[in-house]
Every structure is written in C-alpha cells, then in structure tokens.
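One-letter residues, chain by chain:
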Amino acid sequence: MSMTSAICDAHVHVFEPQKFPYVTTRRFTPGVATVQDLRVHLDKVGASQVVLVQPSVYGENNDCLLSALTALSGNARGVVVLTNAISGKEIDSMHQMGVRGARLNLLVDHTADPDVAISKLAELEAFIPPEWHIQLHVSSDVLGALFSHIENSSRKFVLDHLGLPDVTLGTHSFAWQRQLALLKSGNLYVKLSAPYLSSKSLSPYADLDPFLDSLLLIRPDRLLWGSNWPHTQGTSRNASAASDAVEEFRVVDESLWLRQCTVAAGSSAVAVFEENARRLYDHPGCDSY
C-alpha cells in the first residue's frame, strides 16, 4: 500500500489546556498536543484523513475538539461526548462541523456494571441523530451485555482499540469469539488502534497478529486503522499519581503499527485504511491538511 494513499487515522486526540482547560474531575493530566502537532503526525504516517475523538479529560465540553475541526478546514471528522442536556440546534451545528458520532467511554472511570452501560447507551441513542454511530470504549464484559442490542440495532457501533483483547487467552476465548460474532453481524466496526494497550510485547506486537488475522478473516469491511496519537499512558498509567500531575506521552513509532497492519491486511488494505472510514464517517475529500 502506498504511503501517499488516502489513509485515515481514525483515532487521535488534541490537548490544548492553555486555551481549553481540562475538567477538574479528570483521572489524569496529559501534556500538550496541538493541531499543528497533529498535522506533523499526519504527515509522518501519510494520512490525509483524520478522526478526532473526545478524550475523557475534557468531559462533555467538546470545545477543543470542535476548534480543531474548524482549524482543519472541514477535512476532518469528530466523535464527541454528550449529555441529554444538549439542544437539537447544538447537535445540528456539530454535524455541520464534521461530527459523526458520540462516544460512550466507561473504561476510564472503571465502569463495568452492565446495567449502567445499557442505561447510558439507551439514553445516548434517544437524542443523537440516527446517522451518527456510537463509539464504545468498554470492557469485554460490558460489550457482552450490549451484544443483543448492537446485533439488532439499525445504528452502527465502533469499538475502540481492538476491543482490548486479553492476549493471554488467545483468539479462541469466549470473549473474543463473541466480539467476532458482533463484527460478523455488520453493525460493529473495530478500530485497529493503540496496540500497546493489549500487547504483552514491544513493537511490532507479534502477539496481536492472530487477533488481526481473525478480524480480517471475518469482516475486513468493518475495520478501521488508528494510531491513538499522541499516546497517553492508558493501561500503563501510575495509579498512585496525582490526577493533576502532567503525564508524559508514550514514545511510539506509528509507522511500525501502520506497516504491521498493512502486511496483515494484504489485499484488504485499501478498505481498512481508506474506504471503510470514508463510508462510515461520510468523509470529505482528501485535501491536504
């Protein structure tokens, strides 16, 4: 696959605390990652499309993300975090700015109660546009609780970070097979992003190869590539660190993950890196950032 292709990085964040302060209830404090920094990253990996995802440190205030969408001149898409207090007019405005989905992030707050997940999902679906997808950052147990809902929904869902598989259990585990069944249904997309959150090895994350292969075997048309730039610590976060202590970003060579996924995808690479994202996010043209 040519690195000059219209690659979409379907999972990035922007952090600009000087202009857009983090919420006081956050679990951690990331450093600064501006829109200009993002442009450098996109040039490095050869991406001409991008999807900005609302991080937990901004809570339900999407101003930083929306500002970044504006700065990227309409050539980006966004996934926001909302409450039902938002007005229809605000949602329409977000849609015009490039928002195409809403995120349900239960992992950062360690929410694993299936009943809570079902309730939050139903609440979210009640007020967001039917053409928007719902992005899930949830545990495998919560995903299992949502199985029937996702399988029978008319809406599309996107699962973050490969679904965070337990690589020690292998691809034949019940949880992984259940995720593959949802993928096969066509209502669930899976992001090939943040491999370091699941892998027990260093790059090139060889222990993830069987998981990539099984995903590609089932539905290559439901996979999205992403980097998770600028790479917060996530599962490697120091639990005892103060929430206001600035956390260093991981040092990650995204091109290695890009290459690993390209090799695994083979003839499906164009779908995984370009076409699936363009279809799901209703992406604009591939103009330069």
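What counts as what
Residues numbered from 1 in each chain as written. Predicted model: local features only at pLDDT ≥ 70, side-chain atom pairs only at ≥ 80, totals over all residues. Heavy atoms only, no water. Salt bridge = Lys/Arg side-chain N within 4 Å of Asp/Glu carboxyl O. Helix = DSSP H or I, 4+ residues; strand = E, 2+ residues; numbered from the N terminus. Buried < 20%, exposed > 50% of the residue type's maximum accessible area, 1.4 Å probe, protein only. Axes fitted to C-alpha atoms, helices over the stretch in contact; angles between N-to-C directions. Parallel < 35°, antiparallel > 145°, perpendicular 65-115°, else oblique. Contact = heavy atoms within 4.5 Å. Left-handed = near helix turned anticlockwise from the far one by under 90°. Nonpolar A, V, L, I, M, F, W, Y, C, P; charged D, E, K, R; others polar.

## Describing the pattern of salt bridges
Right, so step 1: Applying the stated criterion across every chain yields a total of nine salt bridges.
Right, so step 2: Arg77 serves as the salt-bridge partner of Asp282, at 3.9 Å between the closest nitrogen and oxygen. Pair noted here: Asp282 is in the segment after α10 (269–280) and Arg77 is in strand β4 (residues 77–80), with a separation of 205 residues, a long-range link.
Right, so step 3: Where Glu125 meets Arg155, a salt bridge forms, and the shortest distance between an N and an O atom there is 3.2 Å. Taken as a pair, Glu125 in helix α4 (residues 114–125) and Arg155 in the loop between α6 (147–152) and β7 (157–159) lie far apart in primary sequence, 30 residues in all.
Right, so step 4: Classification of Glu125 as buried rests on a relative accessible area of 18%.
Right, so step 5: Connected through salt bridges with shared partners, the residues Arg77, Arg100 and Asp282 form a single ionic network.

## Some remarks on the packing of helix α9 (residues 254–265) against α10
Right, so step 1: Packing of α9 against α10 brings their axes to within 7 Å, and their N-to-C directions diverge by 120°. Of the possible angle classes, the one that applies to α9 and α10 is oblique. The residues of α10 that touch α9, namely those facing Leu258, Cys261, Thr262 and Ala265, are Ala269, Val272 and Phe273.

## Comments concerning the packing of helix α7 (residues 174–185) against helix α8 (residues 209–218)
Any two packed helices are characterised by the angle at which their axes cross and by the distance between the axes.
Right, so step 1: For the pair α7 and α8, the least separation of the axes is 9 Å and the interaxial angle reads 30°. Between α7 and α8, the interaxial angle falls into the category roughly parallel. Pair α7 / α8 crosses with right-handed handedness. Every residue of α8 that contacts α7 at Trp176, Gln179, Leu180, Leu183 and Lys184 is listed here: Phe211, Ser214, Leu215 and Ile218.
Right, so step 2: In terms of residue class, the contact of α7 with α8 is built from six nonpolar, two polar and one charged.

Remember, this is a structural readout, not a statement about activity or role.
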